[in-house]
Amino acid sequence: MNKNTVLIFENVTKRYKDKYALDDVTFAIDEGEFVFLVGPSGAGKSTVVKLAIQQEKPTSGKIIFNSKIRVDKLSGSKLAKYRSMIGIIFQDFKLIETKTVWENVAFVLEVCGKPTREIKKAVEYVLDLVGLLDKKDAFPKTLSGGEQQRAAIARAVVNEPLMLIADEPTGNLDRSNTWDIIQLLNKINNWGTTVIVATHDVEVVNSLNKRVIAFENGRVIRDYIGGYEL
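None of the values given here were measured: they were computed from a predicted structure.

This part covers the nonpolar core. If you look at the biggest cluster of nonpolar residues, it comprises 44 residues, and the most contacted ones within it are Phe 36, Val 123, Ile 153, Leu 164 and Leu 185. Counting residues in each nonpolar core, the second largest holds 31 residues, with Ile 29, Leu 37, Ile 63 and Ile 213 among its members.

This part covers the sheet that holds strand β10 (residues 219–225). Strand order across the open sheet formed by six strands is β6-β7-β8-β3-β9-β10, with mixed pairing between neighbours. Of all strands in the sheet, those with a lone pairing partner are β6 (86–89) and β10, marking the two edges. Geometrically, the sheet is characterised by an average inter-axis angle of 15° between neighbouring strands, direction not taken into account. In the packing of helix α1 (residues 45–52) onto the sheet, the strands contacted are β3 (34–38), β6, β7 (163–167), β8 (194–198) and β9 (211–216), and the crossing angle to β7 comes to about 140°. The sheet strands contacting helix α6 (residues 175–190) are β3, β6, β7 and β8, and the helix crosses β8 at an angle near 150°.

In this section: the pattern of salt bridges. Oppositely charged side chains may form a pair once their charged atoms are brought near each other. Here the structure, examined in full by the defined rule, presents twelve salt bridges. The partner of Glu 56 in a salt bridge is Lys 14, and the shortest N-O contact between them spans 3.9 Å. Separated by 42 residues along the polypeptide, Glu 56 in the loop between α1 and β4 (60–65) and Lys 14 in strand β1 (residues 5–16) bring together distant segments of the chain. We classify Glu 56 as partly exposed; its relative accessible area is 21%. The buried category is assigned to Lys 14, whose relative accessible area is 11%. Here Asp 201 ties to Arg 175 by a salt bridge, and the two come within 2.8 Å at their closest N and O atoms. On the criterion of sequence distance, the pair formed by Asp 201 in the loop between β8 and α7 (202–207) and Arg 175 in helix α6 is long-range, its members being 26 residues apart.

Reading the values: the criteria
- Residues numbered from 1 in each chain as written.
- Predicted model: local features only at pLDDT ≥ 70, side-chain atom pairs only at ≥ 80, totals over all residues.
- Heavy atoms only, no water.
- Core = buried A, V, L, I, M, F, W, Y, C linked by side-chain atoms within 4.5 Å.
- Buried < 20%, exposed > 50% of the residue type's maximum accessible area, 1.4 Å probe, protein only.
- Pairing = 2+ DSSP bridges.
- Helix = DSSP H or I, 4+ residues; strand = E, 2+ residues; numbered from the N terminus.
- Axes fitted to C-alpha atoms, helices over the stretch in contact; angles between N-to-C directions.
- Contact = heavy atoms within 4.5 Å.
- Salt bridge = Lys/Arg side-chain N within 4 Å of Asp/Glu carboxyl O.

See below:
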């Protein structure tokens, strides 16, 4: 049985004035894959993330989600619907400081108009998954960095996204918390969610024998299975 292609970058270029952040980049990621985007600072991996979540639009080329949705053409309600089908994790967590852990995670489903009973069940499940059920009434500022990132992961997966994108998710964490987060992302991937992680952390990439797309100067220079080869 052929796997569905979840994300396609087809001849994608992103230019800022005279500088190319991405230069004619093409790759495809299938359903259920775990993919690392690697490269030094400024190589283009974070630009891929911004384009994939349509935080920015490409200068040229196509970005296709789930074999049919032109991400680069979306706007308004169609863009909002697309973002509800993906999960996003940032280095700086981006939790709402005035909401508890429970409220941060529930908010995603409330925006989608889910019924209260369904929200309660889903939030309880994902908080248990990330080991934060006992912290459900805590506010972000009272949590450690690792706990905040786990809360961010719970928020990202509560709506059962087809694809989870993480931009330097362990960049602000110590090694112990980094390992916990990577193992959690691996568990989510093992349950069928496509996971894409942009990172420059050699140890993180080497800890898992996964697909690696390596960038340099805005171009894909390697696409392989294994450790960090830059």
